[in-house]
Amino acid sequence: MEKIADYLVILDYESGRLLKIRLSEEDRRTASACKDASSFVKTLSYKYGFSFKDSYWMSTETLDESSFNF
C-alpha cells in the first residue's frame, strides 16, 4: 500500500457500532504488507472485532467529529 492515513473510521451496521481507530505503528507495518486498502481493513477487522463484509469505512489524515441532539 502506498499512503497510510492516521485514522480509520468504520460504521459496522451489523452491530450498530461506530469505530474510530488511530492507527498504531503495528497497524502501519501490517498495512505496508497488504496489497490494497481493502485487504488492510479486512486484517484489522479481526484485531478490532468488526464485521468487514457488513461495514463501511473511510481513512483520513485528520479526525474531526460533530454530534447533534445527543
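Data block above holds the structure.
The rules behind the values
- Residues numbered from 1 in each chain as written.
- Predicted model: local features only at pLDDT ≥ 70, side-chain atom pairs only at ≥ 80, totals over all residues.
- Heavy atoms only, no water.
- Pairing = 2+ DSSP bridges.
- Helix = DSSP H or I, 4+ residues; strand = E, 2+ residues; numbered from the N terminus.
- Salt bridge = Lys/Arg side-chain N within 4 Å of Asp/Glu carboxyl O.
- Buried < 20%, exposed > 50% of the residue type's maximum accessible area, 1.4 Å probe, protein only.
- Phe/Tyr/Trp six-rings, centres within 6.5 Å; stacked < 30°, edge-to-face > 60°.
- Core = buried A, V, L, I, M, F, W, Y, C linked by side-chain atoms within 4.5 Å.

S.K.: Sorry if this is basic, but what is going on with the pairing of strand E1 (residues 7–12) here?
M.R.: Every other side chain in a regular strand lies on the same face of the sheet, so the side chains alternate between the two faces. The pairing of E1 with strand E2 (residues 17–22) spans six bridges and is classified as antiparallel. Each bridged residue has a counterpart across the sheet, and for Asp-12 the counterpart in E2 is Arg-17. Hairpin geometry of E1 and E2 is characterised by an intervening segment of four residues between the two adjacent antiparallel strands and by a positive phi of about 75° at Gly-16. Here E1 pairs with strand E3 (residues 55–60) via six bridges, running antiparallel. Within the sheet, the bridge partner assigned to Leu-11 lies in E3 and is Tyr-56.

S.K.: Looking at this structure, how should I read the pattern of salt bridges?
M.R.: As enumerated under the stated definition, the model contains five salt bridges in all. Among the ionic pairs, Glu-65 bridges to Lys-20, the shortest N-O distance being 2.6 Å. Taken as a pair, Glu-65 in the segment after E3 and Lys-20 in strand E2 lie far apart in primary sequence, 45 residues in all. Assessed through its relative accessible area of 43%, Lys-20 is described here as partly exposed. The partner of Asp-54 in a salt bridge is Lys-53, with the nearest N and O atoms 3.5 Å apart. The class for Asp-54 is buried, based on a relative accessible area of 15%. Judged by its relative accessible area of 66%, Lys-53 is exposed.

S.K.: Any chance you could explain the environment of Cys-34 here in plain terms?
M.R.: The topology assignment puts Cys-34 in the loop between helix H1 (25–33) and helix H2 (37–48). For Cys-34, a relative accessible area of 11% gives the class buried. Considered as a pair, Cys-34 and Arg-17 are 17 residues apart in the sequence and their alpha carbons are 25 Å apart.

S.K.: Would you explain the packing of aromatic side chains in this entry?
M.R.: In this description, an aromatic ring pair is defined by two values, namely the gap between the centres and the angle between the planes. Going through the model one piece at a time under the given rule, you end up with one aromatic pair. Ring geometry for Tyr-13 against Tyr-56: centres 5.4 Å apart, planes inclined by 40°, an arrangement best described as tilted. Placement of Tyr-13 in the loop between E1 and E2 and of Tyr-56 in strand E3 is noted, with a sequence separation of 43 residues between them.

S.K.: I keep staring at the nonpolar core and nothing clicks. Help me out?
M.R.: Soluble globular proteins tend to bury their nonpolar side chains together. Counting residues in each nonpolar core, the largest one holds twelve residues, listed as Ile-4, Leu-8, Ile-10, Leu-19, Ile-21, Leu-23, Ala-31, Cys-34, Phe-40, Val-41, Leu-44 and Phe-50. For this core, the elements supplying multiple residues, two or more each, are E1, E2 and H2. At three residues, H2 tops the list of elements feeding residues into this core.

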